[in-house]
Amino acid sequence: MTEVKILICHGTSGLSAGASEVYKKFEEELSKQGLERCELIKTGDRGYFRDVLVDIIHPETGRVTYQDITPEIVPELVEKHVKNGEVVKKYSARKAYQDFFAGQKRIVLRRCGEIDPENIESYIEDNGYKALEKAIKGMDPEEVIEEIKKSGLRGRGGAGFPTGVKWELCRAQKNQPKFVICNADEGDPGAFMDRSVLEGDPHAVLEGMAIAGYAIGSNEGYIYCRAEYPLAIRRLRIAISQAKENGFIGENILGTGFSFDVKLIEGAGAFVCGEETALIASIEGKRGMPKPRPPFPVQRGLWSKPTIINNVETLANVPYIILRGGDWYASLGTEKSKGTKVFALAGKVRNTGLVEVPLGTTIRDLLYGPGGGPAKKMRKIKAIQIGGPSGGCIPENLFDTPIDFDSLVGAGAIMGSGGLIVLDDSTCMVDLARFFLSFTSDESCGKCFPCRLGLKKMLEVLNKIVSGNGELKDVEFLENLAKSIMETSLCSLGKTAPNPVLTTLKYFREEYEAHIIEKRCPANQCVALLGFEINEEKCTQCGKCAKACPENAIAWKKGEYAKIDREKCIKCKSCIEACDFMAIE
Amino acid sequence: MIEVVAEILENFKGEVSLIKILQEIQNNLGYVPKEAVDEISRATGISPSQIYGILTFYSQFRLTPPGEHTLKICLGTACHIMGGHEIFEHLKSKFRIMDNETTEDGLFTLSKVRCLGCCGMAPVIMIDEDIHGRMDIQKTEKLVRKYGGYRHETV
């Protein structure tokens, strides 16, 4: 029998769905059926978050993807497909899976879910470290920078500064030594592309860093990875040691005389450390508090030496650009935003996961193409929240706006690092704004007072509104305070933190007014304003609420309206989440 | 305990990053006790106030011993709108503890966490190193019981 390959998604998402049990079962079953020659490969996550994905590549059937695989299914797959080359249709990936990947253009994610991230051979076979070789053996540092400038690549962490220009500015600095920092402190809630790249294709990031080091004239790099990503840290450690063993990192790389070392720094849990000057302070072992810029890190960065800080996704693009050329990369995307961008789709949307598309794709195409529309048929998508706590909401009537670095700014949001949370009519926009303010006021480093005190005050006012004690003058107060905070804060955390409030006020003012004037939450989310009563006009007597109630506080019989026992009810909202008809008010 | 701290300090001689030293101590002891702070201060000359400055700035560090299991409830954006907050509130009231506290029987330390990067599976809970996605209150109850939770209820 010729060789069969079996790929099993082993990223954080796959593992949380039980991928390791599936893997074990495959091992067991293959040896039981005498098929040891098959190759079992643990890959990173492919980006489609729907339980365990397994791919079987068989000479007779080609490649077939199976979804929702559990250990119980494995013997049948091995018997029928691996042994006899017969596709088991009932488990194969469904239309939603195909829709999710159709229309994607995968550059950064191209190896995620395809290769074994813990085996450097797997990376090398797929043109790995070819770009580094091409750069250090055949190009001057200036040529490398020129190629990156030609590509139009802009920082993927959110700010969108042209990468080639940053490198050029750093190269021009006389001061030595210089440093390359990879910002893997993916703190934006709602963004998880960097985690997936680090878990699924860590060598691409290392290769990008080494190329950056060559370009700016640096021999030392740091990866600052957040502690909340233990698997990414483990895989980075493995990748760094394998790259050293194979001579792609360390002294005298590929015999060229160029040396580049990489150290891994674990973050200790502070959102503000995603800000570059705070990140530098943290690597130096201090509290992560931002400093005023200028001087910029390219002038005075780590240990006061010239430093470039690039995001994971930015660096993962670099090897591909060097291999295929800047012009090719620049042919993708829009005039001012070149290339592709990975978006993290989550929230009230049918397909969640990572989607990589050319910049300039409209919100609607993203949501209804790969996203597959609303999560529940009865619900309507009313807005998206993009760009994390610094970003804003975009309402449905603006969904034809292209997503790139500049277009969303006019609407009050930013593309940011690409976290895209989908909101439907069961999401309360006031509560969402309150959530972001509780996040940013928690994470404010406390150095400058507009951010430290201003955000707290905004949060207090929002808490007052969601608890039913809001007054009309509060809205004006929020708007004024937001402006002051944005104008006077030291770093982008404070400068952008009021955005979620301002955009929800701009597009969903009527929700604020409903809370304040009518003491009503239109999305049925704010507990203080809910009566926990069944609206019999909306109730379809389906009984889902009764099944979801953890306290058995809902009485229901077939053909009858549900009834909530107020004595037993703990107001946990499980029933509201379960109800498709928003019948609990 | 002091021996462990002294050994770590010896291994880290010349290390400039206080964060790294503190991380290593927490990895070994599960938290950073007061005695360790005094020892670091004595060995490095860094004042205890500076050390506490670091310890309280970064959310990773604990000043009290953790429970047998750490239960982290993700409260990122996706988890918030998918019901993570309700799970968190529910557990707080069931365990009768607040954020970052440990249950009376020492079994669980409950804390909120700002985004575990599994937004596609929201809402998400992490027990020790294992992530559980698409949770609700009922599934959480089951999970907690699997780890031996709510023993006080049967007493």
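Reading the values: the criteria
- Residues numbered from 1 in each chain as written.
- Chains lettered and ligands numbered in written order.
- Predicted model: local features only at pLDDT ≥ 70, side-chain atom pairs only at ≥ 80, totals over all residues.
- Helix = DSSP H or I, 4+ residues; strand = E, 2+ residues; numbered from the N terminus.
- Contact = placed C-beta atoms within 7 Å.
- Buried ≥ 20, exposed ≤ 12 C-beta atoms within 10 Å, placed from the backbone.
- Nonpolar A, V, L, I, M, F, W, Y, C, P; charged D, E, K, R; others polar.
- Domains from an automatic or database assignment.
- Arc of directions from axis to C-beta.
- Pairing = 2+ DSSP bridges.
- pLDDT = per-residue confidence, 0-100.
- Right-handed = clockwise from strand over helix to strand, strands pointing away.

## A look at the overall build of chain B
So, step 1. If you tally the helices and strands in chain B, you get 8 helices and 5 strands.
So, step 2. N-terminal to C-terminal, the α/β element order of chain B is α-α-α-α-β-α-α-β-β-β-β-α-α.
So, step 3. Taken along its principal axes, the extent of the C-alpha atoms in chain B is 50 × 40 × 25 Å.
So, step 4. Partitioning the intrachain contacts of chain B with sequence separation of at least 6 by distance along the chain shows that 58% fall at a separation of at least 24.

## With respect to the overall build of chain A
So, step 1. A count of helices and strands for chain A gives 23 helices and 15 strands.
So, step 2. Its C-alpha atoms give chain A principal-axis dimensions of about 75 × 65 × 40 Å.
So, step 3. For chain A, the residues scored as buried account for 53% of the 585 residues in total.
So, step 4. The contacts of chain A with a sequence gap of at least 6 include a subset with a gap of at least 24, amounting to 72%.

## Notes on the interface of chain B and chain A
So, step 1. Contact residues are listed per partner, giving 39 residues for chain B and 39 residues for chain A.
So, step 2. Looking at the side of chain B that touches chain A, the elements that each hand over two or more residues are α2 (18–29), α4 (48–57), α5 (77–81), α6 (84–95), β5 (130–132) and α7 (137–146) of chain B.
So, step 3. Classifying every residue of the side of chain B that touches chain A gives 18 nonpolar, 15 polar and 6 charged.

## Considerations on the domain arrangement of chain A
So, step 1. Once the domains are mapped, chain A shows domain 1 (5–94), domain 2 (127–330), domain 3 (340–424), domain 4 (429–518) and domain 5 (530–585).
So, step 2. Taken over C-alpha atoms, the centre of domain 4 of chain A sits 32 Å from the centre of domain 5 of chain A.

## Description of helix α3 (residues 34–44) of chain B
Residues and elements named next belong to chain B.
So, step 1. Within α3, burial applies to Ala 36, Val 37 and Ile 40. Summarising the axial view, the buried residues of α3 lie within an arc of 100 degrees, below the 170-degree limit, and thus occupy one face. With respect to the buried face of α3, the exposed residues turned more than 90 degrees away are Lys 34, Glu 35 and Arg 42.
So, step 2. Buried residues belonging to α3 abut α1 (2–11), α2 and α4.

## A few points about the sheet that holds strand β3 (residues 108–113) of chain B
Residue and element names in this part refer to chain B.
So, step 1. The strand order β2-β3-β1-β4-β5 describes an open sheet built from 5 strands, whose pairing is mixed. Looking at strand neighbours, the two that pair on one side only are β2 (101–102) and β5, the edges of this open sheet.
So, step 2. Bridging between strand β1 (residues 69–74) and β3 involves 6 bridges; their strand directions are parallel. Counterpart to Lys 72 in the pairing with β3 is Ser 111.

## A few points about the confidence of the model for chain B
So, step 1. Taken residue by residue, chain B gives an average pLDDT of 92. The fraction at 70 or more is 97%.
So, step 2. Both confidence scores are given for the complex: pTM 0.95, ipTM 0.93.

## Observations regarding the pairing of strand β6 (residues 220–225) of chain A
Residues and elements named next belong to chain A.
So, step 1. Along β6, 5 of the 6 residues are buried, which leaves the element largely enclosed by surrounding structure.
So, step 2. Relative to β6, strand β5 (residues 179–184) is paired through 6 bridges, and the arrangement is parallel. Within β6, the position partnered with Val 180 by the bridge is Gly 221.
So, step 3. This β-α-β element, β6 to helix α11 (residues 230–245) to strand β7 (residues 261–266), shows right-handed connectivity.

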